[in-house]
Amino acid sequence: MYMSQSIIIIRHADDLDSDWPLSSDVFTLPSGDSIEVPQHGLTDEGFARARLLATAIPQWTTANGIDSITRVITKDPSLLTETPNPFDTIRPFIMAQNIMDVELLPDLPTLTVIFKNNQLLPSYGSLLICWDAEGIWGDKINGKRPPVPAFNSILGMLKSTTKIDDNSYPEKAGTIYSYTNGKKGVYNLSVYTFVDGEFV
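Residues numbered from 1 in each chain as written. Predicted model: local features only at pLDDT ≥ 70, side-chain atom pairs only at ≥ 80, totals over all residues. Heavy atoms only, no water.

Draft legend 1. Here's a closer look at the pairing of strand β2 (residues 22–28). Pairing of β2 with strand β3 (residues 34–39) involves five bridges; the strand directions are antiparallel. Within β3, the residue paired with L22 across the bridge is Q39. Count of turn residues in the β2/β3 antiparallel hairpin: five residues, of which G32 carries a positive phi of about 100 degrees. (Pairing = 2+ DSSP bridges. Helix = DSSP H or I, 4+ residues; strand = E, 2+ residues; numbered from the N terminus.)

As structure tokens, then:
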């Protein structure tokens, strides 16, 4: 069976509105790198969803002919000025799948540079990006989210044959985007929803 190399994007899981608890946690990644996480923002339900994703994502990639994920890009959780929620959401998956290639980035502009330099995809396997809604879709304008992804958002940068509208807005760890078979910078896009422990 042919497996497609893909760029997969998912938003972090459910988080607290405020008063994120401080932490002294230090996690060791499969690569041996240690990362300090000075705060956590996920709710109990968010952490539970993160654990479900660790098994649901590999099942989904296999069922849909998507090459195994070998690289993960997410936000650097060691910075108090940034949200740790994407990292906390995808860490169980990283550990369960023994992902050695993990990029922890300080902000979206850094990810944009990697994209423009054609350095997103690994040499083999697929890429998973776990980020926040602002980076995936775009910042709110006058308190309202854009009706379509902003041009400088992750979804805005990735051109596809499928039009994305407000119905495809990323729910917290509930929407997954799969960009496959990119030709001349244009991808085939499929959007899935996480329901009862699996993507449909």
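Draft legend 2. View of the packing of aromatic side chains. For the structure on display, the rule yields six aromatic pairs. Judged by centre distance (5.8 Å) and plane angle (55 degrees), the rings of W60 and F199 are tilted. Placement of the pair is W60 in helix α1 (residues 44–63) and F199 in strand β10 (residues 198–199), with a sequence separation of 139 residues. In this structure W60 comes out as buried when scored by relative accessible area, which is 3%. (Phe/Tyr/Trp six-rings, centres within 6.5 Å; stacked < 30°, edge-to-face > 60°. Buried < 20%, exposed > 50% of the residue type's maximum accessible area, 1.4 Å probe, protein only.)

Draft legend 3. Molecular detail of the environment of Q5. If you trace the backbone, Q5 turns up in the segment before β1 (6–11). Sequence separation between Q5 and N181 is 176 residues, and the spatial gap between their C-alpha atoms is 7.0 Å. Not counting chain neighbours up to four residues away, the residues in contact with Q5 comprise D67, L121, P122, S123, Y124, G125, S126, Y179, T180 and N181. One polar contact links the side chain of Q5 to the main-chain carbonyl oxygen of P122, over a distance of 3.2 Å. (Contact = heavy atoms within 4.5 Å. Polar contact = N/O pair within 3.5 Å; in protein donor to acceptor, adjacent residues only side chain to side chain.)

Draft legend 4. Representation of the nonpolar core. In this structure, I57, V72, I90, L128 and F199 are the most contacted members of the largest nonpolar core, which totals 28 residues. Core analysis: the second largest hydrophobic core is formed by 24 residues, L105, L120, M157 and Y179 among them. (Core = buried A, V, L, I, M, F, W, Y, C linked by side-chain atoms within 4.5 Å.)

Draft legend 5. Molecular detail of α1. The first and last C-alpha atoms of α1 sit 29 Å apart over 20 residues, in line with the 28 Å expected at 1.5 Å per residue. Along α1, the helix axis deviates most sharply at L53, where the bend reaches about 35 degrees. Following α1 by one or two positions, G65 has its phi on the positive side, about 65 degrees. (Expected span 1.5 Å × (residues − 1). Bend = angle between axes of the 7 residues up to and from the residue.)

Draft legend 6. Layout of the pattern of salt bridges. Following the criterion strictly, the structure yields four salt bridges and no others. Between D101 and R71 there is a salt bridge; the shortest N-O distance is 2.6 Å. In this pair, D101 sits in strand β5 (residues 101–105) while R71 sits in strand β4 (residues 69–75), placing the two residues 30 residues apart along the sequence. In this structure, the salt-bridge partner of K75 is D132, at a minimum N-O distance of 3.0 Å. On the criterion of sequence distance, the pair formed by K75 in strand β4 and D132 in the loop between β6 (126–131) and α4 (133–136) is long-range, its members being 57 residues apart. (Salt bridge = Lys/Arg side-chain N within 4 Å of Asp/Glu carboxyl O.)

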